[in-house]
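# Topology and contacts: notes
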Amino acid sequence: METSTMNEFKTAIRSAIDEYYSDLKKAISELEPYELKWQPSLESNSISWLLWHMARVEDSWVNRTIKNGQQLWISEKWHEKFNMQPEGSGYGQSPEEIQSFPNLPLQVLIDYYDQVHDSVIECLENSTEQDLNKDFSTGNYGPRKVSWIWGHIIVEESQHLGQIAYIRGLIRGINH
């Protein structure tokens, strides 16, 4: 039986995830292929790369780390659909690697992210207090509790959503 605190935690996390995911769908709506690939500078990310990276972040943290399983990127062969290597999530990529991100229809990016999003929500809904208190360690962040991952996902994804909205604004102007 779940405690009231656990229900409140799940509700807060779910609310944040649903909000940034809904806002993301609005930010990418009606964009043309050239807008998805446009970079403010050669040292900047494109919207398509950011969208892919956001899905990869959630896929890695939830399916690999929290569930101790395989990322959908690999198990569902999304890396093949993207014609990319199974390793990597975009973290630490060079400007040349970002520029070489494949030209993909927006729907392919959305389909991958939708599948990841569904797995994220399922994982959250099935999480117990014991799950949240499990320890994990990663080279970038050191020892942490699984509950930290949920907060980190919200922070990172919100930052990337802001980048997408900003790039969209640079391309289309305010309110477009």
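Note that residues are indexed from 1 along each chain, following the sequence as it is written. It should be noted that, the model being predicted, local features are given only for residues of pLDDT at least 70 and side-chain atom pairs only at 80 or more, the latter also being counted only at that level, while totals for whole chains, interfaces and linings use all residues. Only hydrogens and water are removed before side-chain values are computed, so all heavy atoms of the structure are retained for them.

Further remarks concern the packing of aromatic side chains. Under the pairing criterion, centres of Phe, Tyr and Trp rings, with the six-membered ring standing for Trp, must be within 6.5 Å; the plane angle then separates stacked pairs below 30 degrees from edge-to-face pairs above 60, leaving the rest tilted. Across all of its chains, the model carries 14 aromatic pairs by this definition. Plain terms: the ring middles of tryptophan 52 and phenylalanine 101 are 5.4 Å apart, the flat faces sit at 50° to each other, and that makes the pair tilted. Of this pair, tryptophan 52 sits in helix H3 (residues 47-66) while phenylalanine 101 sits in the loop between helix H6 (95-99) and helix H7 (106-126); the two residues are 49 residues apart in sequence, bridging distant segments of the chain. Summarising the burial analysis for this pair, tryptophan 52 and phenylalanine 101 share the class buried. A connected cluster of aromatic rings, assembled from ring pairs, spans Trp49, Trp52, Trp73, Trp78, Phe82, Phe101 and Tyr112. Our definition puts a charge over a ring when NZ of Lys or CZ of Arg is within 6 Å of the ring centre and also within 35 degrees of the ring normal. The ring of tryptophan 78 has lysine 81 sitting right over it, with the charged end atom 4.1 Å from the ring centre. Helix and strand assignments come from DSSP, with helices taken as H or I runs of at least 4 residues and strands as E runs of at least 2, each series counted from the N terminus. Burial classification: accessible surface area is computed with a 1.4 Å probe over protein chains only, and a residue below 20% of its type maximum counts as buried, one above 50% as exposed, and the rest as partly exposed.

When a carboxyl oxygen of Asp or Glu lies within 4 Å of a side-chain nitrogen of Lys or Arg, that pair is called a salt bridge. This model, assessed by the stated rule, comprises seven salt bridges. Notably, a salt bridge pairs arginine 172 with glutamate 35, separated by 2.8 Å at the nearest N-O pair. Separated by 137 residues along the polypeptide, arginine 172 in helix H9 (residues 146-172) and glutamate 35 in helix H2 (residues 33-37) bring together distant segments of the chain. Residue classification places arginine 172 among the partly exposed positions, given a relative accessible area of 25%. Within this structure, Arg14, Asp18 and Glu125 form a network of salt bridges that share partners.

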